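What follows is the residue order along each chain.
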Amino acid sequence: MARLLVHILQREPEMQRLTVLNVAGRGEPLTFAQCIEMAKAKLIRVPGLWSMRLALQFLWKMKISAMPPEAAPYVTSEYIMNTERLRKFLGLEYEHVIRYTIADAFADSFRGNAASV
């Protein structure tokens, strides 16, 4: 993320310009099953959207989860982030700026406090 911010700041000197980009690692998206396996987590199936919202509300209120109840549609559906604008924006610099794959970045979030380069 730091490389992307530096790249944007060096490329976009105009302070009034607004650039909206979806940012993700390189490569194919991960499925929920892959994420659960990589996180070594246990999947708990919740019957129905109403139950899911209720569970998210409880977890949010108890400060157990960082996911707000409003995120229910993202949790219960398949959303794939389109990063095509990011690829076009970075052009030939894409692989230099976005060095890691989605899988590598996700796995890194479970590595504890070890600093990544």
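Our subject is the structure listed above.
Let me begin by describing the structure that accompanies this report. (Residues numbered from 1 in each chain as written. Predicted model: local features only at pLDDT ≥ 70, side-chain atom pairs only at ≥ 80, totals over all residues. Heavy atoms only, no water.)

## As for the layout of surface pockets
Step number 1: There is about 1,600 Å³ of room inside the largest pocket.
Step number 2: Together, 36 residues line the largest pocket, and Phe 32, Cys 35, Tyr 74, Val 75 and Ser 77 are the ones closest to its centre.
Step number 3: Contributing elements (two or more residues each) for the lining of the largest pocket: helix H2 (32-39), helix H3 (48-61) and helix H4 (72-76).
Step number 4: Counting residues per element, the lining of the largest pocket draws most heavily on H3, which supplies 4 residues.
Step number 5: Considered class by class, the residues forming the lining of the largest pocket number 25 nonpolar, 7 polar and 4 charged. (1 Å grid on protein atoms, 1.4 Å probe; cavity = no way out; pocket = protein on both sides within 12 Å on 5 of 7 lines; lining within 4 Å. Points joined across faces, edges and corners; volume = space filled by probe spheres on them. Helix = DSSP H or I, 4+ residues; strand = E, 2+ residues; numbered from the N terminus. Nonpolar A, V, L, I, M, F, W, Y, C, P; charged D, E, K, R; others polar.)

## A look at unusual backbone geometry
Step number 1: Non-glycine residue Lys 40 carries a positive phi angle of around 55°.
Step number 2: Examined against the element boundaries, Lys 40 turns out to sit in the loop between H2 and H3.
Step number 3: Its relative accessible area of 76% is what places Lys 40 among the exposed residues.
Step number 4: We note that Lys 63 has phi near 60°; this positive angle belongs to a residue other than glycine.
Step number 5: In this fold, Lys 63 is placed in the loop between H3 and H4.
Step number 6: Residue classification places Lys 63 among the exposed residues on the basis of a relative accessible area of 75%. (Buried < 20%, exposed > 50% of the residue type's maximum accessible area, 1.4 Å probe, protein only.)

## Here's the deal with the side chain of His 7
Step number 1: Inspection of the secondary structure puts His 7 in helix H1 (residues 2-11).
Step number 2: Under the relative-accessibility criterion, His 7 is labelled buried at 15%.
Step number 3: When sequence neighbours within four positions are dropped, the list of residues in contact with His 7 reads Phe 89, Leu 90, Glu 93 and Val 97. (Contact = heavy atoms within 4.5 Å.)

## Observations regarding the pattern of salt bridges
Step number 1: The tally for this structure, following the rule as stated, stands at 1 salt bridge.
Step number 2: Here Arg 111 ties to Asp 108 by a salt bridge, and the two come within 3.0 Å at their closest N and O atoms.
Step number 3: In this structure Asp 108 comes out as partly exposed when scored by relative accessible area, which is 26%. (Salt bridge = Lys/Arg side-chain N within 4 Å of Asp/Glu carboxyl O.)

## Examining the side chain of Thr 83
Step number 1: With respect to the helices and strands, the residue Thr 83 is situated in the loop between H4 and helix H5 (84-90).
Step number 2: The class for Thr 83 is buried, based on a relative accessible area of 13%.
Step number 3: In this structure Thr 83 touches Asn 22, Val 23 and Ala 24, once residues within four positions along its chain are discounted.

## Considering the nonpolar core
In globular proteins that are soluble, nonpolar side chains generally tend to be buried together.
Step number 1: Counting 8 residues, the largest nonpolar core consists of Leu 4, Leu 21, Leu 86, Phe 89, Leu 90, Tyr 94, Val 97 and Ile 98.
Step number 2: The greatest single-element share of this core, amounting to 3 residues, is contributed by H5.
Step number 3: Excluding residues that lie within four positions of it along the chain, Ile 98 makes contacts with Ala 24, Gly 25, Arg 26, Leu 86 and Leu 90. (Core = buried A, V, L, I, M, F, W, Y, C linked by side-chain atoms within 4.5 Å.)

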